Amino acid sequence: MLDFFAIFSKGGIVLWCFQGAGVAGSFAGPVNALIRSVILQERSGNNSFNHNALTLKYKLDNEFELVFVVGFQKILMLTYVDKFIDDVQLHFRDRYKNELEQKGAIKYLVNDFEFGDEFHMLLREAEESSRVKDPVVMRTFTQSQKSQKTVKSMIEIKGGDKSKEQEKGKKSKNAKKEAAEDGAGAAQTTSPPTSKKVVVNGNQDLTNEELIQLKREEMMRKMTKSTKSATTKSPKPQKEQQRKTKVMRVWDNGGTKSNTKELDYSSKLNGSEDSAGLGGEQVEPEMRLESMVGPLPDVDCECSEPEEEEEEEEKVATIEATKAGAKRGGGGGGFGGMFGMLKGLVGSKSLTRDDMEPVLDKMRDHLIAKNVAAEIASQLCDSVAKKLEGRVMGTFTTVASTVKQALQESLVQILQPKRRVDILRDVLEARSQRKPFVITFCGVNGVGKSTNLAKISFWLIENGFSVLIAACDTFRAGAVEQLRTHQRRLNSLHPPEQHGGRPAVQLFEKGYGKDAAGIAMEAIAFARNQGFDVVLVDTAGRMQDNAPLMTALAKLIAVNTPDLVLFVGEALVGNEAVDQLVKFNQALADHSMSDRPRLIDGIVLTKFDTIDDKVGAAISMTYITGQPIVFVGTGQTYNDLRSLNARAVVSALMKA
């Protein structure tokens, strides 16, 4: 049933392994994929991992730094695996506890871990416990209770029920009669103390005389109120007030009729200025302040002072430790409270899920407040809990500081990509092969695809590359004109004289209503013939639920096979980022014509300057795709392009 079972250290040393009979090939490939994709990427919130036709389940032992992995065929529904891997972990720890407590990695090589007999015994017990039990045989009619009843007993039961109902009816009628007689007797009595109290209109414990008096008082109160309101009414004015005419509002700096001629700049344009405005854009001074030669600078994030945070954490930890000591000490006096506080600070026990739960709840709420998607925040906290469960805390460390440090390490690991995207190096390599480097931009509406495409064009031109922009957004009105304006301004910043008489950037467009995939194919062929270094393909914005447009995007990518597919997303989104990326990747996979579909290769995070320290969208997008954030847009000028600094983003994310 099981293909393999392996026990190895987090350093990569295999202590013991088992491989099922008839299983061909080594289990090193699936285990290495588990290590690369889950354990090293801090995605251990879910203890299951699929690799080709295998399902791998794993358990981390953080006290001894061990990993237990079991693999079986995906089509098998083995319900006993979770309990079985827990049993194997407990038995292995108990048997080799002395060997595992030794320091250094040499202990794994010196000691001999013979665990085969116990493993097979536990496997046999688990398989027997999971076997399907025989179905319960239905009882016959003679064995049922209904067969023991006779017709006479059934008739007697019905009669008994009827007699009971009749008795209940008689009792209710008698009770009503008695209540009526009691009410009449109470009305005939003259003395209030001896009169029987009744319930009328919800007024309980009141006699008839008291009810009459109460109603009289209420009526008198209403009458006096109406007379007062009639006397206090103010008389109407004899003359109607004249209606005031509406006065026109005067806006600050709005201008008046007297200065309209000063505000009219149309008459001041002569022929030379007009031609300059149409043919070549005037260069704004602030655009030439910075040079963007070489790699992009890192994005700056504000974060609080670490010393202040540590002092606050120590105060909170001391209070929590004092409370815990008081609860444990009970009525034992001050010595018990002081001992409990020291025990909480020194860290004399291993961490459990119950110890971390309050801190993890606060961390989860903090991440959601910083714009991390709720699902991603829960998975991150679960991953940290599994990473720390069973680990012994260091000296004078608190649970809060330990959890926070582990969460910071996990976030940095998530933001650091599995592979580095170096566009300058890739463009140089493509130039050596005499072909253009093709980048396709995709994303939802209004996130800034065309604007950030222009920023990337400026950065590439600054580094000496020629750029061709393919206007494949044939749907939105004004999309081609927007790119033409960017082309004109970029060429004014980098005149053709600086590039051998050839424009640094050109626009390839076929108008509106055309097939975007065909335009991209023609643009790539044109760039190859004319010797362009980079082709930037601008696509139409589309919502992730629009099936026809998603199919068109998948066709464009499948037909042209670009070197880099960048998803452009804004830093303002929260839970929507998860839905966008999942559905974009799903659409690209569903409509691809190859066995290995082309998915999103990287992310461009825009509008980063509008979010202050709420940088959670970066975590959500990177966690969902596993791909790096290649560019970060931080403004509206061509210089406002940065690369991601993982530690700075995590510091801003953990800022209180």
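A brief report on the enclosed structure follows. Predicted, not measured: the structure shown is a model, and the values here were computed from it.

Conventions we followed
Counting of residues starts from 1 at the beginning of each chain's written sequence and follows it residue by residue. Side-chain atom pairs in this predicted model are given and counted only at pLDDT of 80 or more, local residue features only at pLDDT of at least 70, and totals for whole chains, interfaces and linings cover all residues. Calculated side-chain values reflect all of the structure's heavy atoms, with hydrogen atoms and water omitted. Nonpolar core, defined: a set of buried Ala, Val, Leu, Ile, Met, Phe, Trp, Tyr and Cys residues in which side-chain atoms within 4.5 Å join the residues together. Any residue under 20% of the maximum accessible area for its type is buried, any over 50% is exposed, and the rest in between are partly exposed; the area is computed with a 1.4 Å probe on protein chains only. Should any heavy atoms of two residues lie within 4.5 Å, those residues are counted as being in contact. A carboxyl oxygen of Asp or Glu within 4 Å of a side-chain nitrogen of Lys or Arg is what we treat as a salt bridge. Numbered from the N terminus, helices here are DSSP runs of H or I no shorter than four residues, and strands are runs of E no shorter than two. Strand pairing follows a simple DSSP-based rule, namely that at least 2 bridges must link the two strands. Between the N-to-C directions of two axes lies an angle of 0 to 180 degrees, each axis being a line fitted to C-alpha atoms and, for a helix, fitted only over the stretch in contact.

Topic: the nonpolar core
Core analysis: the biggest nonpolar cluster contains 115 residues, and Ile423, Ile439, Trp459, Leu460, Phe608 and Phe631 have the highest contact counts within it. Filtering out sequence-adjacent residues up to four positions away, Ile423 remains in contact with Phe437, Ile439, Trp459, Leu460, Leu564, Val630 and Phe631. Ranked by size, the runner-up nonpolar core spans 27 residues in total, among them Leu2, Phe18, Leu100 and Tyr108.

A word on the pattern of salt bridges
Throughout the structure, instances matching the rule amount to 23 salt bridges. The residue Asp82 makes a salt bridge to Lys57 at a minimum N-O spacing of 3.3 Å. Of this pair, Asp82 sits in helix 2 (residues 81-95) while Lys57 sits in strand 4 (residues 54-61), placing them 25 residues apart in sequence. The exposure class of Lys57 is buried, given its relative accessible area of 17%.

Let's talk about the sheet that holds strand 2 (residues 14-19)
An order of 2-1-5-4-3 is seen for the five strands of this open sheet, with the pairing classed as antiparallel. Each end of this open sheet is capped by a strand with a single partner; those strands are strand 2 and strand 3 (48-51). Across the sheet, the mean angle separating the axes of adjacent strands is 15° when strand polarity is ignored. Lying over the sheet, helix 5 (residues 116-129) contacts strand 1 (2-9) and strand 2, oriented at roughly 45° with respect to strand 2.

Remarks on the sheet that holds strand 11 (residues 534-538)
Spatially, eight strands are ordered 10-9-11-8-12-13-14-15 in an open sheet, and the strand pairing comes out mixed. If you trace the sheet from one side to the other, it starts and ends with strand 10 (505-508) and strand 15 (641-642), each paired once. With three bridges joining them, strand 13 (residues 602-606) and strand 14 (residues 629-633) adopt parallel strand pairing. Bridge pairing in strand 14 links Val604 to Phe631. Each of strand 8 (437-442), strand 9 (467-471), strand 10, strand 11, strand 12 (564-570), strand 13, strand 14 and strand 15 touches helix 16 (residues 449-462); the most contacted strand, strand 11, lies at about 170° to it. The strands that helix 17 (residues 479-493) touches are strand 9, strand 10 and strand 11; relative to strand 10, the one it contacts most, it runs at about 165°.

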